[in-house]
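As a plain string of letters, each chain reads:
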Amino acid sequence: MSEQISALEKAIIEIEPDNAETIAKELVEANVNPKELVTAISRALVVVGKKFQDEEYYLPELVMAGEISKSILAIADPILKSAESGPKISIVVGTVQGDLHDLGKNIFVTFASSAGFNVVDLGNDVPTDTFIEAVKNENARVLGLSCLLTATDKELSKVIEALKKENLRDKVMVIIGGAAITEELVKEIGGDAFAPDAITGLEQIKEWL
Ligand code: B12
């Protein structure tokens, strides 16, 4: 079993979707420990993320690794569901209102889910009220906002102001990513961290919690 786990990690790292799916199916049939499976995906994604940061891998590999992980998680869904135990830390994520870009946010969602977080993905073009409702309902510890258009960056301040108004600002850490975002902007509008990429974002969240 541990050899197969290593083979699965290698297939993700080397971006081999067919191979990864075959191994994942075998592991599920062999009743793999779900925690071991998720940890393996996570470890592989960390390696892929490092390769991306070191410019050994580029965007297509990052996207593909995310897709492969998603399909493995889908294959493993039955055993993952049966293994869910105890309260999980919730992260609410979405792309701000007016912005339809969601590829980067989706990569982050895959990475964070693979790391074992309960990720509530609100999709794209998300109005402020929807973010606020979800933070409340999910008792979220982290709110992840994605924004790729300079035309929609005012939406970020709207969300942060609404969190303050609802007395939620102290309860939730706000991390923001996307092509329109800079560290300075995040500071200026009162966010907690800028995520230049999904892996760095996830590392920051793990540091917080
Ligand atoms: C693909 C794309 C599109 C696709 C989006 C498809 C989709 N489903 O997402 C389509 C064709 C729909 C599109 C439309 C438009 N686009 Co466009 N698009 C892009 C493009 C080429 C790539 C974006 C992308 O997916 N990158 C890949 C992902 C993986 O990277 P990423 O989003 O940055 O995400 C990473 C990090 O930022 C971070 N991250 C992102 N979000 C989050 C969130 C959290 C919580 C965390 C932790 C991390 C994180 O992690 C990710 C992975 O590491 C960019 C160019 C660019 N350089 O970004 C333009 C770009 C963003 N688009 C642009 C524009 C102008 C538009 C349009 C207005 C064009 C038009 N005239 O219609 C429309 C707007 C539509 C709308 N209302 O949203 C401009 C924005 C300019 C600006 N400063 O405002 C850009 C920069 C192109 C340019 N140079 O002009 N676009």
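The preceding data block contains the structure.
About the criteria used
Residues numbered from 1 in each chain as written. Predicted model: local features only at pLDDT ≥ 70, side-chain atom pairs only at ≥ 80, totals over all residues. Heavy atoms only, no water. Pairing = 2+ DSSP bridges. Helix = DSSP H or I, 4+ residues; strand = E, 2+ residues; numbered from the N terminus. Axes fitted to C-alpha atoms, helices over the stretch in contact; angles between N-to-C directions. Phe/Tyr/Trp six-rings, centres within 6.5 Å; stacked < 30°, edge-to-face > 60°. Lys NZ or Arg CZ within 6 Å of the ring centre and 35° of its normal. Buried < 20%, exposed > 50% of the residue type's maximum accessible area, 1.4 Å probe, protein only. Polar contact = N/O pair within 3.5 Å; in protein donor to acceptor, adjacent residues only side chain to side chain. Contact = heavy atoms within 4.5 Å. Near = heavy atom within 4 Å. Nonpolar A, V, L, I, M, F, W, Y, C, P; charged D, E, K, R; others polar.

Ordered by their spatial adjacency, five strands build an open sheet running β2-β1-β3-β4-β5, and the pairing between neighbours is parallel. Two strands lie at the open edges of the sheet, namely β2 (118–121) and β5 (193–195), each paired on one side alone. Geometrically, the sheet is characterised by an average inter-axis angle of 25 degrees between neighbouring strands, direction not taken into account. Bridge count for strand β1 (residues 90–95) against strand β3 (residues 142–146) is five bridges, and the pairing is parallel. Each bridged residue has a counterpart across the sheet, and for threonine 95 the counterpart in β3 is serine 146.

What the rule picks out here adds up to zero aromatic pairs. Sitting over the face of the ring of tyrosine 57, lysine 51 holds its NZ or CZ atom 5.5 Å from the ring centroid.

A word on the side chain of serine 69. Tracing the sequence through the fold places serine 69 in helix α4 (residues 59–75). Relative accessible area serves as the criterion here: at 0%, serine 69 is assigned to the buried category. Within the structure, the side chain of serine 69 is placed 2.8 Å from the backbone oxygen of alanine 65, a separation counted as a polar contact. Dropping the residues within four chain positions of it, serine 69 is found in contact with Ile12, Ile41, Leu45, Thr110 and Ser114.

Another point: the site of the ligand. Surrounding the ligand, one finds 25 residues, the nearest of these being Leu100, His101, Asp102, Ser146 and Thr150. Histidine 101 has a polar side-chain atom sitting 2.7 Å from a nitrogen atom of the ligand. Here a nitrogen atom of the ligand sits 2.7 Å away from a polar atom, N or O, in the side chain of serine 146. Going through the elements one at a time, α4, α6 (103–114) and β3 are the ones with two or more residues in the shell around the ligand. At five residues, α6 tops the list of elements feeding residues into the shell around the ligand. Of the residues contributing to the shell around the ligand, the split by class is 13 nonpolar, eight polar and four charged.

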